[in-house]
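Chain by chain, the residues run as shown.
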Amino acid sequence: MAKAFTIDLGATSAKCAFFDNDKVIAKFTFSTNPRENLLENIGKEAREVAEKNNIDMDNLDFIGIAVCGIVDNAEGKVIYSTNLGWRDYPVKEEMTRIFKNEKVVVLNDAKAATFGEWSKGLKKVPDSMALFTIGTGVGGGAIFNGRLVFGDNTGLPSEPGHGGGFQDEIQCGCGLKGCIEPISSASGIERELIAKAKVSTGPLGERYQKLGDNMHIKDIADLFQEKDKDVIAVFYKALEPLAKIISVIIHFFDVSMIVIGGGPSNLGKPLLDLLKKQAANYVLPDFYERLNIVQASLSDLVGAWGVYEYGKAELKF
Ligand SMILES: [Zn+2]
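Residues numbered from 1 in each chain as written. Predicted model: local features only at pLDDT ≥ 70, side-chain atom pairs only at ≥ 80, totals over all residues. Heavy atoms only, no water.

Enquirer: Looking at this structure, how should I read the sheet that holds strand 10 (residues 138-144)?
Expert: Strand pairing in a sheet takes place through backbone hydrogen bonds and is either antiparallel or parallel in direction. Ordered by their spatial adjacency, five strands build an open sheet running 11-10-9-12-13, and the pairing between neighbours is mixed. Only two strands of the sheet have a single partner each, and these edge strands are strand 11 (147-148) and strand 13 (293-295). Strand direction decides the pairing type here: strand 9 (residues 129-134) and strand 10, joined by six bridges, are antiparallel. Its bridge partner being in strand 10, Met129 is matched across the sheet by Ile143. Across the sheet, helix 3 (residues 109-121) lies against strand 9, strand 10, strand 11 and strand 12 (257-261), angled at about 50° from strand 10, the strand it touches most. (Pairing = 2+ DSSP bridges. Helix = DSSP H or I, 4+ residues; strand = E, 2+ residues; numbered from the N terminus. Contact = heavy atoms within 4.5 Å. Axes fitted to C-alpha atoms, helices over the stretch in contact; angles between N-to-C directions.)

Here's what the structure looks like:
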């Protein structure tokens, strides 16, 4: 029966929602540009939206925020967020000051998405899963034994996009070798699509003639569904590093489900089938037989839901 307001603070926008008794009763999106006084400005907007919807801002059970960046959730601090330009930012303290509420939940955005997908999307079944979000980068998180995985050393695990030596084609901006992010992210897929389109004499090439370098995945979704061979070739190759990291997770932790979210996941079952086909090259038969890859079910508000559900669980509502 919890009432709450939560923010999913991403690189370009903040997706905000008011919850009452497990329902979204009001929501709004706020641009993260300009960055100055960002939380303060979100706070002002929230009060206006609350007023219009007859929500008593001073009577919320808790508030929460998911932040794109490295988060110390126990301390309620953002260690750093490149996208927001925050370093050692006391986000919990700021939220309390702005929203006049002592009960504040702080999570990294990928962990929030993981918890949202598991608790709201999957109704907390199965007990273990790993989520990959394919967007500008590749984020993700895991649930193990019904708990969100925070790690036991750094407390920072939500960076499946980096490290690992899963490819040797494109250098990642983070400086490590073989990150999956430059290839398996939506940005990586789009870069490859454009490279392929430039030399394609088929429908992909024709699409490129019309759209040029402004061609995005959604613009070729129809070609993907029609199994255009150039488009399928690009995706098959892009999914290889992702299939490799899935293989490591499956062989080591034997999680029951792999959930794929982010823009490209809207391509649905054909995309999951292609990923599964790629995974056949990397996953042992006994594991492969039970490999369960599904599409994320929550879209825009997954992070906001994640913080709400996590707050409810942690604060015992
Ligand atoms: Zn990297």
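Enquirer: What am I meant to see in the coordination of the zinc ion here?
Expert: Expected angles at a metal are 109.5 degrees for tetrahedral coordination by four donors and either 90 or 180 degrees for octahedral coordination by six donors. Surrounding the zinc ion are the protein donor atoms His162 (ND1), Cys172 (SG), Cys174 (SG) and Cys179 (SG), which sit 2.0 to 2.4 Å from the metal. Geometry at the zinc ion is tetrahedral, judged from the four donor atoms that bind it and their angles of 100 to 123° at the metal. The sequence motif formed by the donor residues of the zinc ion is H-x9-C-x1-C-x4-C. With His162 in the loop between strand 11 and helix 4 (181-184) and Cys174 in the loop between strand 11 and helix 4, the pair connects residues that are 12 residues apart, well separated along the chain. What makes His162 partly exposed here is its relative accessible area of 26%. (Donors = N, O, S within 2.8 Å, 3.2 Å for Na, K, Ca; no water. Tetrahedral: all angles 85-135°; square planar, octahedral: opposite > 155°, others 65-115°. Buried < 20%, exposed > 50% of the residue type's maximum accessible area, 1.4 Å probe, protein only.)

Enquirer: What should I look at first to understand the domain arrangement of the protein chain in this one?
Expert: By a frequent convention, interface size equals the accessible area lost on bringing the separate parts together. Split into domains, the protein chain comes out as domain 1 (3-109 + 300-314) and domain 2 (123-295). Averaged C-alpha coordinates put domain 1 and domain 2 at centres separated by 28 Å. Counting residues at the interface gives eight residues for domain 1, matched by six residues for domain 2. Between domain 1 and domain 2, a total of about 520 Å² is buried, with carbon and sulfur atoms accounting for 60% of that surface. When the buried surface of domain 1 facing domain 2 is broken down by residue, Ile70, Asn108 and Tyr310 rank first, second and third, together holding 51% of it. The interface formed by domain 1 and domain 2 includes zero salt bridges. (Domains from an automatic or database assignment. Buried area = accessible area lost by both parts, 1.4 Å probe. Salt bridge = Lys/Arg side-chain N within 4 Å of Asp/Glu carboxyl O.)

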